[in-house]
Amino acid sequence: MTTRRWQLAHGRYLDLGPKAVVVGILNVTPDSFSDGGLFIAPEKALEQARRMVEEGAAIIDVGGESTRPGFAPITAEEEQGRVLPVVAALAASGGALISVDTYREDTARRAVAAGAHIVNDIWGLQREPGIARVAAETGAGLVIMHTGRERRKLPDVIEDQLLFLRKSLAIARAGNVTDSQIVLDAGFGFAKETAEENLDLMARFAELQALGYPLMAGTSRKRFIGAATGRDPGERAVGTAATSVILRLKGADLFRVHDVAINVDALAVTDAMLARETELPPGH
């Protein structure tokens, strides 16, 4: 499997390809769909971050605004008040790489200055294109996510992915972001309203490799997993791990999850099988 080096801020990098990378979700919000309010206190957030690192997360993704369907937007000041102290404390403690989940240019810039290595933009640079400038000026890794919110989507799930992400990539290039900084995220659950649409996207996920960038999968505890299993959000860890395995086999490199340990183990077995598969002689 090809290794690609992901350039990050503060002179850091991450090699992607041979081993799946698990990203631990740290929501410092009162209203996220499955863990709202649990980690809004900084000491609780740091405790959870340490737990996820111990379980095998390579990156901690800190978010200060809920992005669940029907979420209530907050101000940039509120968002920064939640995320910047946590980012700074994580940076001071060392260890895991730090991602900030924001679509605001000012929050992204302040978070990288506080120690974040990656900016994760759920609007794919199309809400505040200045995030591309932040990435270019700081060298931060940039996750560009697809969303279908606030626009008319194409009926074909992959055609819509390609339409949206190519526009985002054009914004990134215009802002002087290098290819080595970019990871793409298909945005499971973001205006993919039905279980069938998300399952179709998962089934055809390998087609996104045509764009030529590393891919992140963010299926954790999503509604389509609940539709398949009948389980509530807090009970979807096993279902999430199943999607992680499927998406790893279809080319995903990074996996953004709430439940780190179970996904680390599921992906370790998947990677072991993939490595063994390359060693087998033809016909076996």
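Relevant structure appears above.
Bear in mind the structure is a predicted one, so any value in this text is a computation, not a measurement.

Rules used throughout
- All chains use their own residue numbering, which begins from 1 and follows the written sequence.
- In keeping with the model being predicted, local features are shown solely for residues with a pLDDT of at least 70 and side-chain atom pairs are shown and tallied solely at 80 or more, while totals for entire chains, interfaces and linings include all residues.
- The basis for the side-chain values is all heavy atoms of the structure; hydrogens and waters are excluded.
- Helical segments are the DSSP runs of H or I of at least four residues, strand segments are the runs of E of at least two, and each set is numbered from the N terminus.
- For the radius of gyration, the atoms used are the C-alpha atoms, and the globule rule reads 2.2 Å times the number of residues raised to 0.38.
- Type-normalised accessible area, obtained with a 1.4 Å probe on protein chains alone, sets the label of each residue: buried when under 20%, exposed when over 50%, and partly exposed for intermediate values.
- The contact rule is simple, with two residues in contact once any of their heavy atoms fall within 4.5 Å.
- Neither His nor the chain ends contribute to the count of charged residues, in which Lys and Arg are positive and Asp and Glu negative.
- By convention, the charge on Lys lies at NZ, on Arg at CZ, on Asp at CG and on Glu at CD.
- When DSSP locates at least two bridges between a pair of strands, those strands are taken to pair.
- For helices, the axis comes from a line fit to the C-alpha atoms of the stretch in contact; other axes are also lines fit to C-alpha atoms, and the angle between any two N-to-C directions lies between 0 and 180 degrees.
- The distinction between a cavity and a pocket rests on a 1 Å grid over the protein atoms alone: a 1.4 Å probe fits inside a cavity but cannot get out, while a pocket stays open yet meets protein on both sides within 12 Å along at least five of seven lines, and a residue with an atom within 4 Å of a point counts as lining.
- Grid points are joined across faces, edges and corners, and a volume is the space filled by probe spheres set on the points.
- Ten residues, namely Ala, Val, Leu, Ile, Met, Phe, Trp, Tyr, Cys and Pro, are considered nonpolar, four, namely Asp, Glu, Lys and Arg, are considered charged, and the remaining ones, Gly among them, are considered polar.
- We define a salt bridge as a contact between a side-chain nitrogen of Lys or Arg and a carboxyl oxygen of Asp or Glu at a distance within 4 Å.

Draft legend 1. Region of interest: the overall build of the protein chain. When you go through the protein chain residue by residue, the secondary structure sums to nine helices and 10 strands. Here the C-alpha atoms of the protein chain give a radius of gyration of 18 Å, agreeing with the 19 Å that 2.2 N^0.38 yields for 284 residues. Seen through its C-alpha atoms, the protein chain measures out along the principal axes to roughly 60 × 40 × 40 Å. Counting only residues that meet the buried cut, the protein chain has 54% of its 284 residues in that class. Considering only residue pairs separated by 6 or more positions, the protein chain has 68% of its internal contacts joining residues 24 or more positions apart. Seen as two clouds, the 32 positive and the 37 negative side-chain charges of the protein chain have centres 2 Å apart.

Draft legend 2. Structural view of the sheet that holds strand S4 (residues 59-63). The sheet built from eight strands closes into a barrel, its strands ordered S3-S4-S5-S6-S7-S8-S9-S10 with parallel pairing. Within this sheet the neighbouring strands show an average axis-to-axis angle of 25°, counted without direction. Relative to strand S10 (residues 254-257), strand S3 (residues 21-27) runs parallel, the two sharing four bridges. What sits directly across from valine 22, in S10, is phenylalanine 255. Its contacts with the sheet put helix H1 (residues 42-54) on S3 and S4, and the angle it makes with S3 is roughly 165°.

Draft legend 3. Just the layout of surface pockets, in detail. As a volume, the second largest pocket reaches approximately 210 Å³. Grouping the amino acids of the lining of the second largest pocket by side-chain chemistry returns six nonpolar, five polar and four charged.

Draft legend 4. Seen up close, the pattern of salt bridges. Under the counting rule described, the total for this entry stands at 20 salt bridges. We note a salt bridge from arginine 256 to aspartate 101, for which the minimum N-O separation is 3.1 Å. Of the two residues, arginine 256 is situated in strand S10 and aspartate 101 in strand S5 (residues 97-101); the sequence distance between them amounts to 155 residues. Exposure class is identical for arginine 256 and aspartate 101. Each is buried. Its salt-bridge partner being aspartate 156, residue arginine 204 comes within 2.9 Å of it at the nearest N-O pair. Here aspartate 156 lies in the loop between strand S7 (141-145) and helix H5 (157-174) and arginine 204 lies in the loop between helix H6 (195-203) and strand S9 (215-217), a separation of 48 residues in the sequence. Of the residues examined, arginine 204 reaches a relative accessible area of 27% and is grouped as partly exposed. Judged by relative accessible area, aspartate 156 falls into the partly exposed class, the value being 24%. One continuous salt-bridge network, built from bridges that share partners, spans Glu105, Arg109, Arg133 and Glu137.

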